[in-house]
Amino acid sequence: MSYQNTYNRWLQLTEEKKVVEQKLKDTTEEQQEKDSQLHTFLSTMKKELKDVENLETSTLSTLFTKVTGKFLEKLIKEQEEYLQAKLHYDDKKNELDHLNEKEKRLQYELSKLNQEISAIKESLLQDYPEGVQFSKEMEKRKEQLFHLQRELEEALDAVHRVMEYAEMAIQELLSARGWSTYDTFFGGGLLADLAKYNRLDEANKAISKISAASKEMKKELRDVEMTLEHNLETVSGSDQFFDIAFDNIFSDWSIRGKIETNLSAMNQYLDELKKIELQLKNALMDIQEKVQML
């Protein structure tokens, strides 16, 4: 076999390996889902069986149903419910057994692919003069992947820093909302105002940190071709003064509304960050898989 044919075979097998790995991943996820369902149906089946056993045991309740002539009807109903639950359980167990067999087949297939890929790679490096160039290409590709991996890790670290500040701001806003509710509906007075604005000040400090950290985050995301744009509102100092100086239902409602606006915006912002985090983690996993194939 020529070098080109051997090289093409190596490429083909590496692509097949990706497909098998994805199938194995999907199978594992489906296994976990079915296993959870199986435990649910098992609990239901045990409960229905217990109902049948309880009904068959002589108690005042069962004696009463026997006397009134409804015992057989109730027993048949409980037995039917147990059999129905057992049927559902058996179905899920069969599905899970099928998935377990599928997992074994895929693992065996993956093992065989790894062996063949490794053997062909060894042949490319040792049996052909072009193997020197092949080795250089692989090393160059590894360098590129490691560089991209580092960029992704730095971007993920930057996202995590912003997420940490966002979570801090949300906690402070939740606390401020609690004090605002107390102030609005229960006449909290000056102490409630001070507590509320202390929490708002802390929230604004966290949001200020987000503003600085997000600039670095956006830079890191640009390095891996990802962007995130978001504007955050804060409660102004003049509104703080108005609420404390003129403590009444209207100003309290105004501040409470702004807290809700901030809280909603911050939760939405955190959701966007989590989506970016997931994208980065998936990209890192993809890089690691590609490195393992080289």
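Not measured: the values here are computed from a predicted model. (Residues numbered from 1 in each chain as written. Predicted model: local features only at pLDDT ≥ 70, side-chain atom pairs only at ≥ 80, totals over all residues. Heavy atoms only, no water.)

In this section: the side chain of Glu-277. Within the secondary structure layout, Glu-277 lies in helix H7 (residues 249-293). Since its relative accessible area comes to 15%, Glu-277 is described here as buried. Those residues in contact with Glu-277, other than ones at most four positions away along the chain, are Leu-156, Val-159, His-160 and Met-163. (Helix = DSSP H or I, 4+ residues; strand = E, 2+ residues; numbered from the N terminus. Buried < 20%, exposed > 50% of the residue type's maximum accessible area, 1.4 Å probe, protein only. Contact = heavy atoms within 4.5 Å.)

What follows concerns the layout of surface pockets. Its boundaries defined by the atoms lining it, the largest pocket holds a volume of some 310 Å³. Lining the largest pocket we find eleven residues, and of these Glu-21, Gln-22, Lys-25, Met-285 and Glu-289 sit closest to its centre. Looking at the lining of the largest pocket, the elements that each hand over two or more residues are helix H1 (3-56) and H7. The element contributing the most residues to the lining of the largest pocket is H7, with seven residues. (1 Å grid on protein atoms, 1.4 Å probe; cavity = no way out; pocket = protein on both sides within 12 Å on 5 of 7 lines; lining within 4 Å. Points joined across faces, edges and corners; volume = space filled by probe spheres on them.)

This next bit is on the pattern of salt bridges. Taken as a whole, this structure holds nine salt bridges when the rule is applied. Close ionic contact of Lys-34 with Glu-95 constitutes a salt bridge, the shortest N to O distance being 2.9 Å. With Lys-34 in helix H1 and Glu-95 in helix H3 (residues 71-126), this residue pair connects regions lying 61 residues apart in the sequence. Residue classification places Glu-95 among the partly exposed positions, given a relative accessible area of 31%. Note that Lys-93 is salt-bridged to Asp-97, the shortest N-O span being 3.4 Å. (Salt bridge = Lys/Arg side-chain N within 4 Å of Asp/Glu carboxyl O.)

Moving on to the nonpolar core. Val-159, Met-217, Met-266, Tyr-269, Leu-273 and Leu-280 are the most contacted members of the largest nonpolar core, which has 34 residues in total. Of all the elements in the fold, those that place two or more residues in this core are helix H4 (131-186), helix H5 (189-223) and H7. Core analysis: the second largest hydrophobic core is formed by 14 residues, Tyr-3, Leu-13, Leu-106 and Ile-117 among them. (Core = buried A, V, L, I, M, F, W, Y, C linked by side-chain atoms within 4.5 Å.)

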